[in-house]
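Spelled out from the first residue to the last, the chains are:
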Amino acid sequence: MFLGLSVRVWGMAIGLMLLTYLGGRFLLSAKTKQKHLPTFLLIPSILAILFMVIYPLVYAFRLAFLEWHGFTPPRFVGLNNFLNMFLDYKFWSALGVTMKFVAIAVPVEVIVGLLVAVLLNRQIRGKNFLRTLITLPIFVCPVALGFVSLSLYDTNGPVNALLKIFGFQPIAWLGTPNTALASILLLDIWQWTPFCFLVFLSGLQNLSSEIYEAAYLETNSSLAIFRYLTLPLIKPIIATITMLRLLETLKVFDLPMSLTKGGPGFATETYSIMTYKVGLRQFSFGDASARAFFFLFLLFVIFTILFKIGKFSEIYE
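To start, this report covers the structure provided alongside it. Keep in mind the model is a prediction, meaning the values are calculated, not measured.

## Comments concerning the overall build of the protein
Link 1 in the chain: What the protein contains, in helices and strands, is 15 helices and 2 strands.
Link 2 in the chain: Taken over the C-alpha trace, the protein has a radius of gyration of 26 Å; the compact-globule value for 317 residues is 20 Å, which it surpasses by more than 25%.
Link 3 in the chain: Projected onto its principal axes, the C-alpha positions of the protein cover 70 × 60 × 35 Å.
Link 4 in the chain: Residue pairs in contact within the protein that sit at least 24 positions apart in sequence constitute 68% of those at least 6 positions apart.
Link 5 in the chain: When the accessible surface of the protein is totalled, it reaches about 19,200 Å², and 71% of it is carbon and sulfur.

## What about unusual backbone geometry?
Link 1 in the chain: Going from glycine 263 to proline 264, the amide bond is cis rather than trans, its omega being -5°.
Link 2 in the chain: Relative to the helices and strands, proline 264 is located in the loop between helix H12 (254-259) and helix H13 (271-280).
Link 3 in the chain: Phi is positive for lysine 261, close to 55°, though the residue is something other than glycine.
Link 4 in the chain: Tracing the chain through its elements places lysine 261 in the loop between H12 and H13.
Link 5 in the chain: Using a relative accessible area of 45% as the deciding quantity, one classes lysine 261 as partly exposed.
Link 6 in the chain: The phi dihedral of phenylalanine 283 falls on the positive side, at around 55°, and the residue is not glycine.

## What about the packing of helix H6 (residues 142-152) against helix H8 (residues 177-205)?
Link 1 in the chain: Where H6 meets H8, the axes come as close as 11 Å, and the angle between the chain directions of the two elements is 135°. Taken together, the axis directions place H6 and H8 in an arrangement best described as oblique. In the crossing of H6 with H8, the sense of the turn from one axis to the other is right-handed. Mapping the contact onto sequence places Pro142, Leu145 and Ser149 in H6 and Leu187, Trp190 and Gln191 in H8.
Link 2 in the chain: Looking at side-chain class alone, the contact of H6 with H8 contains 4 nonpolar, 2 polar and no charged residues.

Calculation criteria
Residues numbered from 1 in each chain as written. Predicted model: local features only at pLDDT ≥ 70, side-chain atom pairs only at ≥ 80, totals over all residues. Heavy atoms only, no water. Helix = DSSP H or I, 4+ residues; strand = E, 2+ residues; numbered from the N terminus. Rg over C-alpha atoms; globule rule 2.2 N^0.38 Å. Contact = heavy atoms within 4.5 Å. Areas by Shrake-Rupley, 256 points an atom, 1.4 Å probe, with all protein chains shown as cover. Buried < 20%, exposed > 50% of the residue type's maximum accessible area, 1.4 Å probe, protein only. Axes fitted to C-alpha atoms, helices over the stretch in contact; angles between N-to-C directions. Parallel < 35°, antiparallel > 145°, perpendicular 65-115°, else oblique. Left-handed = near helix turned anticlockwise from the far one by under 90°. Nonpolar A, V, L, I, M, F, W, Y, C, P; charged D, E, K, R; others polar.

This is the structure we're talking about:
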């Protein structure tokens, strides 16, 4: 069984896709192929999306109304999984940690990325070396970064050794709720600010130099040109970067999981970690599906509001 379907059903689905392809390839006339070619080309992709994307989503949504631990037959419980979710304090804690993470990480990454891009878009010595150096953190695997940082944040690690040189006491970076979350935030900002920098830099380099030459005839203030010329021109890039980082940060999982596994207590347990623990450690698949679909609904609401408030549809026109 896979996703509730037997091997025979999956075999029939895959066979149907192959028959569709082979039938279109060898049995149809050249004129029919020419006329219906776009449809025939789309059929395998449509079937693949139906079985690989739509069906798992429908199956997971059905699970949200069942009580199933994988060992006994599933039992229909209606909305109980959703009601139990709202009564669970871990749910509210994980939601709060995730929102706090998003509220700090996304603005810092976008603003710092933009400022560094503006700085390195100027004619300064060694800018190519600095650009390369700044983009390096993007290539680090988040899980590897988390495990390496365990030694950096150790009580006897290099970070505390540096603090001792300046006369400060060692800090248990991952041992208290506030410092643990701050430590993970610092790593996330360090890794993803270069991504924002890279996209902003490519946008800035595509702006016409003639516009700036005309602007400098009106004023010598770089700040005014940045405020009234650069920012409006790169508004679509700012909107895109903000949405991408918002979406990724809301789903943050690998870095806190590899560093603290959601601890100490539940101080760094994000929504994704909580859903993972409910589903794959407590084997409460129905409960985990309910939480996952609630989060999907929450993302839909957040992005709908952002599109309305930010008037993104006007920006992209």
